[in-house]
Amino acid sequence: MDWEKYESTALDSFADAGTREELTTAHTAALGRKSELKTALREVRDRRTGMTLNAIRVRLEEAFTAREGELERADLDERLSDDAFDVTVPGDEIPVGQLHPTTQVRRLIEDTFLGLGYEIRYDREVETVEYNFDKLAFEPTHPSRSPRATFFLDDDTVLRTETSPSQIHSMEGKPPPIYMVSIGRCYRRDAIDATHYPIFHQFEGLAVDRGLTLADLKGTLLHVMRALFGEDRRVRFRTHFFPFTEPSMEPDVSCGVCGGEGCRTCRYSGWLEMGGSGMVDSRVFQNVGLDPEQWSGFAFGVGIERVTQLRHGMAEIRPLWSPDLRALRQF
Ligand code: DAH
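Numbering of residues starts from 1 in each chain and follows the order in which that chain's sequence is written. Only residues with pLDDT of at least 70 are given local features in this predicted model, and only at 80 or more are side-chain atom pairs given and counted; all residues enter the totals for whole chains, interfaces and linings. Note that water and hydrogens are dropped before the side-chain values are worked out from all heavy atoms of the structure.

Caption draft 1: Seen up close, the sheet that holds strand β2 (residues 126-128). Spatial strand order, β2-β4-β3: three strands in an open sheet with antiparallel pairing. If you trace the sheet from one side to the other, it starts and ends with β2 and β3 (152-154), each paired once. Mean inter-strand twist for the sheet, computed between neighbouring axes without regard to direction, equals 35 degrees. Only strands that DSSP links by at least two bridges are regarded as paired with each other. Secondary structure elements are taken from DSSP: a helix is a run of H or I of four residues or more, a strand is a run of E of two residues or more, and numbering for both begins at the N terminus. Pairing analysis gives three bridges linking β2 to strand β4 (residues 157-159), with the strands arranged antiparallel. Within β4, the residue paired with Glu127 across the bridge is Val158. Note on method: axes are straight lines fitted to C-alpha atoms, helices fitted across the in-contact stretch only, with angles between N-to-C directions ranging 0 to 180 degrees.

Caption draft 2: Just the layout of surface pockets, in detail. The volume enclosed by the second largest pocket comes to roughly 160 Å³. Lining the second largest pocket are Pro95, Val96, Gly97, Gln98, Leu99, His100, Pro101, Leu325, Leu328 and Arg329. Tallied by class, residues from the lining of the second largest pocket come to six nonpolar, three polar and one charged. Cavities and pockets are found on a 1 Å grid laid over the protein atoms alone: a cavity is a set of points where a 1.4 Å probe fits but cannot escape, a pocket is an open set with protein on both sides within 12 Å along at least five of seven lines, and a lining residue has an atom within 4 Å of such a point. Grid points are joined across faces, edges and corners, and a volume is the space filled by probe spheres set on the points. Under the scheme applied here, ten amino acids are nonpolar (Ala, Val, Leu, Ile, Met, Phe, Trp, Tyr, Cys and Pro), four are charged (Asp, Glu, Lys and Arg), and all others, including Gly, are polar.

Caption draft 3: Highlighting the pairing of strand β5 (residues 178-187). The buried fraction of β5 is high, at eight of ten residues. Two strands pair when backbone bridges link them, and strand β1 (residues 119-121) and β5 are joined in this way by three bridges, in the parallel orientation. Paired with Glu119 across the strands is Met180, a residue of β5. Bridging between β5 and strand β6 (residues 199-209) involves ten bridges; their strand directions are antiparallel. Directly across from Tyr179, in β6, lies its bridge partner Ala207. Burial status follows relative accessibility: with a 1.4 Å probe on protein chains alone, a residue under 20% of its type maximum counts as buried, one over 50% as exposed, and anything between as partly exposed.

Below, the structure is given as C-alpha cells:
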C-alpha cells in the first residue's frame, strides 16, 4: 500500500469537497471505521508502521478539521448575505407619543386647582341662551348675543361662548361653599388670525363662600399664574366690565420675556393680559337663588391657548389646531 499516495489523495478529496456533505463523505472514505487506513491501523503489528500510519491519521484529521472550519464559515457568510441580516444595524426606534400642548397646560391647570382643593368640572358645550347669557346677566342688547358673534343652533341654543355658564350650573347644583374650576372648549365666530381661532379652551374659576373679598381673588390668581408661568411673576388688575361680575377686573401677569421691563411680547408694557375676573354680581346670585347678603364670591376666566402660547413663546395659535405632528412635536 502506497500510504504517501493515500494521504495525498485524501488531502485532495478534503480540499475538493465544496459542501459539508461532500466533506463528510471524503472523511468516511479516508478516515472512517472501514477505511483502508483504519483497517490497517487495527491490524498493524510493528511499531514503525504503526507510528507512520498514526502520523498520517493525525495529519488527515487535522486537515479535515481545518477544511470543516472553512466550509462552516463560508456557509455562514452565504446565509448572512442571503438573508441580508446585519446584526450590527441599529433597531427601529419606537416612536414615543406626547400630549398635545393644550392638553399639557390643561393638566397643569387641573393639578394646580386640585392643590387648592377646587372641584374640577367639564360642562356641556351645547348650551342654552338662558345659561350662556340670561342667567349670567348679559343685557338683552349685549353684542355677544348676536348671531354674528355666536354660533346659534336654534333661537334658544348656542355653542357656549365661554366657560362662565359653569358658574350657574355649579351654584344651582349644590349649596355653597363652592370652589370649582371648569375647563373646556368654547366657540365664537372669530376670524382666524395669529391669536384667534373659532374654537378655543378656557378655564373658569368660581369661589362662593362667606366673606370672600377681592384680596382672595387676587391671591388665588397670583398663585395660579405663578404655577403656570413661574414663581417670579406678579399680577395686577385693570378695571373693566363684565355682565356677571361687579366690580370686574382684567388680570395682567408680568411679562416673563423681559421681566416687566417692556419688550415685543408684552408690546413694551411689561404686562400680559390674562382674561377676565371679578366679584360675583348680586344679580347672578339672585338668578340662582342665593342671598347676596349672605354669600360673596369671585370668578375668573382665562384662555388656555393664550397660556400655551405664552408658555412656549409661540407667535401663532394655528399650529395648536393643526394635525401636523411636525409642528406639534416641538412643544
Ligand atoms: N367669560 C369672560 C370671557 O370669555 C371671561 C371672564 C370674565 C370670566 C370675568 C369670568 C369673569 O369668570 O369673572 O371673556
